[in-house]
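Inside the fold
The primary structure of each chain is shown beneath.
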Amino acid sequence: MLMEKYFQKIPRDYILCNACLGRQFPSEKKDLNNAMRGKELKKKAGVRENQTKSCLICGQTMSSIERYADMIMKSLSDYEFNNFVIGARIPTSMIEQEDNLRAEFKLKGGETLKANFSRELNDEVSERLGVEVTHRRPDVTVVVDSLVDIVEVSSKAIFVYGRYNKSKRGIPQKRRRCLECRGKGCPECNLTGYSTTDSVEQRLTIPMLSLFNASRIKFTWIGSEDSNSLVQGNGRPFYAEILEPHIRKPKRMQSAINKLRDGVSLKELTLINKRPKSDQQFTISVQSKFTLNKRITKRNIQNLEESFDETSVKMLPANKNKSIIKNIHSVKVESIKGLIMQMKMECEGGLSIRRFITGEGDEVEPNISSILKREIKINQKMPFDILAVNLKA
């Protein structure tokens, strides 16, 4: 009886739009939405529709569904996606108005303004696009801010796996932070936060940003090499997180691969379905030519190769007190001419190759220098080259 009284009182005493009125009195009829329910309640209460005055709760938010849907359609026009979801930011004042009304009349169980608005928008846009709504990791998330009347779009990141070769020395792997702004972004670095000097990362970034029409890229490198080292064979693998992509399934993947040349080339670039493991294990084959301070004998060579046949070494990383065990699979001397020695080795990824060869800093024990009992000087312009990098399953 009391609820029947409210059916009459609320429509007469409060200016509410049909949706906001109907929302206060949920209907069990599935084919009756909030707006239809509100219209029915006004008719029973003998209240005429008032199109000129704003709703006490939402202003004109619920009557602007189609206008907001138009804004969303325009914002999504240059995005590729298979599913989406729309959320909303509703002014606190509107939420408080609805809470106060429900508290005054002890109304329970009704949908909130935010939920109602979001649901109506999702249904409207889904019908227009013919694309499903999903709340579980959607390709695209849209947020409508009804206070400032804007639409924000964010796109789920894409992950790719690739391999690159480096045939030119003097190119570092990673971009360096801008010294002027320390990574914050300034005119000197074109607001990127990174130095504009050449790097593998810089060269990979430019075509990949274009390929996915993305805002930025985060790389995960499977190991690293000296800037003066070459990367040969099957290339060094990497993962990249493509942030805010507009294109999810590029048709020009091969052209992006072919575009890179002059020292850095893409061997492979493939879309992957999920975020890669952060601790990917791998092995690496390396070739290095260096100078000894004294000649060595065949027995020295034999001892060296036997010492590093499927064994392990201790590595003490800089600024760390705890040593790390790294596996050495093989060391093979390929040639020796006077004091110049060339060798090939295969080891577990993450080992400091330079320190393993020279023994400098006593950071890797045992090392080639300590086994040969010779001082070793690496050619800084040609320290070592990467022959192969293989991922462990």
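All figures in this text were calculated on a predicted structure; none of them were measured in a lab.

Each helix and strand in the protein was counted, giving 11 helices and 15 strands. Relative to the 2.2 N^0.38 estimate, which gives 21 Å for 393 residues, the radius of gyration of the protein is 33 Å and therefore markedly larger than a compact globule would have. Once the C-alpha set of the protein is aligned to its principal axes, its extents read approximately 110 × 40 × 40 Å. Looking at the protein as a whole, 46% of its 393 residues are labelled buried. Within the protein, residue pairs in contact and separated by at least 24 positions form 72% of the contacts whose partners lie at least 6 positions apart. For the protein, the accessible area works out to roughly 22,100 Å², and carbon and sulfur atoms hold 47% of it. Averaging the locations of the 68 positively and 48 negatively charged side chains of the protein gives two centres separated by 4 Å.

Now for helix α5 (residues 92-105). Over its 14 residues, α5 extends 20 Å from the first C-alpha to the last, a length consistent with the 20 Å expected when each residue adds 1.5 Å. Within the sequence span of α5, burial applies to Met94, Glu98, Leu101, Arg102 and Phe105. Along the axis of α5, the buried positions cluster into a sector of 95 degrees, meaning they face one direction only. Counted as exposed and oriented over 90 degrees from the buried face of α5: Thr92 and Ala103.

Our focus in this paragraph is the packing of aromatic side chains. Using the criterion set out here, one finds 10 aromatic pairs in the structure. With a centroid separation of 5.9 Å and 50 degrees between ring planes, the pair formed by Trp221 and Phe238 is classed as tilted. Of this pair, Trp221 sits in strand β6 (residues 216-221) while Phe238 sits in strand β7 (residues 231-243), and the two are 17 residues apart along the sequence. Of the residues examined, Phe238 reaches a relative accessible area of 0% and is grouped as buried.

Looking now at unusual backbone geometry. Across the junction of Glu365 and Pro366, the peptide omega takes the value -10 degrees, indicating a cis bond. Its identity is not glycine, yet Asp149 carries a phi of approximately 60 degrees, on the positive side. You can see Asp149 is positioned in the loop between β3 (140-145) and β4 (150-155). Residue Asp149 is classed as partly exposed on the basis of its relative accessible area of 32%. One non-glycine residue, Asp262, adopts positive backbone phi at about 60 degrees. Mapped onto the elements of the fold, Asp262 is located in the loop between α8 (253-259) and β8 (264-272). Using a relative accessible area of 54% as the deciding quantity, one classes Asp262 as exposed.

Formed by 58 residues in total, the largest nonpolar core has its most connected members in Leu204, Met208, Phe238, Met345, Leu351, Phe356 and Ile368. Excluding anything up to four places from it in sequence, Ile368 contacts Phe290, Leu304, Phe308, Met343, Phe356, Ile357 and Ile376. Membership of the second largest hydrophobic core comes to 38 residues, among which are Cys20, Ala88, Ile90 and Phe105.

Among the structural elements, Lys106 can be located in the loop between α5 and α6 (113-129). Note on Lys106: relative accessible area 68%, which makes it exposed. Distance in space between the C-alpha atoms of Lys106 and Ile324 is 66 Å, their sequence separation being 218 residues.

Glancing now at helix α7 (residues 200-212). For α7, spanning 13 residues, the distance from its first C-alpha to its last is 19 Å, which sits close to the expected 18 Å at 1.5 Å a residue. For α7, the full list of buried residues reads Val200, Glu201, Gln202, Arg203, Leu204, Thr205, Pro207, Met208, Leu211 and Phe212. Packed against the buried residues of α7 are β5 (158-166), β6, β7, α8 and β8.

For β7, the tally of buried residues reaches 10 of 13 residues, placing the bulk of the element in the interior. As judged from the 8 bridges shared by β5 and β7, these two strands associate in the antiparallel manner. By the bridge assignment, Phe159 is partnered in β7 with Glu241. Where β6 lies against β7, 6 bridges are found, and the strand directions are antiparallel. Looking at β7, one finds that Thr220 is bridged to Tyr239.

To continue, consider the side chain of Arg374. Within the secondary structure layout, Arg374 lies in the loop between α11 (368-372) and β14 (376-378). Within the buried core, Arg374 has no salt-bridge partner, and the shortest N-O distance to an opposite charge, that of Glu375, equals 10 Å. Polar side-chain contacts of Arg374 include one of 3.4 Å to the backbone oxygen of Lys294. If sequence neighbours within four positions are ignored, Arg374 has contacts with Leu292, Asn293, Lys294, Arg295, Ile296, Asn300 and Ser369.

What follows covers the sheet that holds strand β1 (residues 83-89). Here we have 4 strands laid out as an open sheet, ordered β2-β1-β3-β4, and mixed in their pairing. The open sheet has two edge strands with one neighbour each: β2 (132-133) and β4. Here helix α4 (residues 65-75) sits on the sheet in contact with β1, β3 and β4, set at roughly 40 degrees to β4. Against the sheet, α6 touches β1, β2 and β3, its axis set at about 150 degrees to β1.

Criteria and cut-off values
Residues numbered from 1 in each chain as written. Predicted model: local features only at pLDDT ≥ 70, side-chain atom pairs only at ≥ 80, totals over all residues. Heavy atoms only, no water. Helix = DSSP H or I, 4+ residues; strand = E, 2+ residues; numbered from the N terminus. Rg over C-alpha atoms; globule rule 2.2 N^0.38 Å. Buried < 20%, exposed > 50% of the residue type's maximum accessible area, 1.4 Å probe, protein only. Contact = heavy atoms within 4.5 Å. Areas by Shrake-Rupley, 256 points an atom, 1.4 Å probe, with all protein chains shown as cover. Lys, Arg positive; Asp, Glu negative; His and termini not counted. Charge placed at Lys NZ, Arg CZ, Asp CG, Glu CD. Expected span 1.5 Å × (residues − 1). Arc of directions from axis to C-beta. Phe/Tyr/Trp six-rings, centres within 6.5 Å; stacked < 30°, edge-to-face > 60°. Core = buried A, V, L, I, M, F, W, Y, C linked by side-chain atoms within 4.5 Å. Pairing = 2+ DSSP bridges. Salt bridge = Lys/Arg side-chain N within 4 Å of Asp/Glu carboxyl O. Polar contact = N/O pair within 3.5 Å; in protein donor to acceptor, adjacent residues only side chain to side chain. Axes fitted to C-alpha atoms, helices over the stretch in contact; angles between N-to-C directions.

So, to be careful, I would describe these as geometric facts and stop short of saying anything about function.
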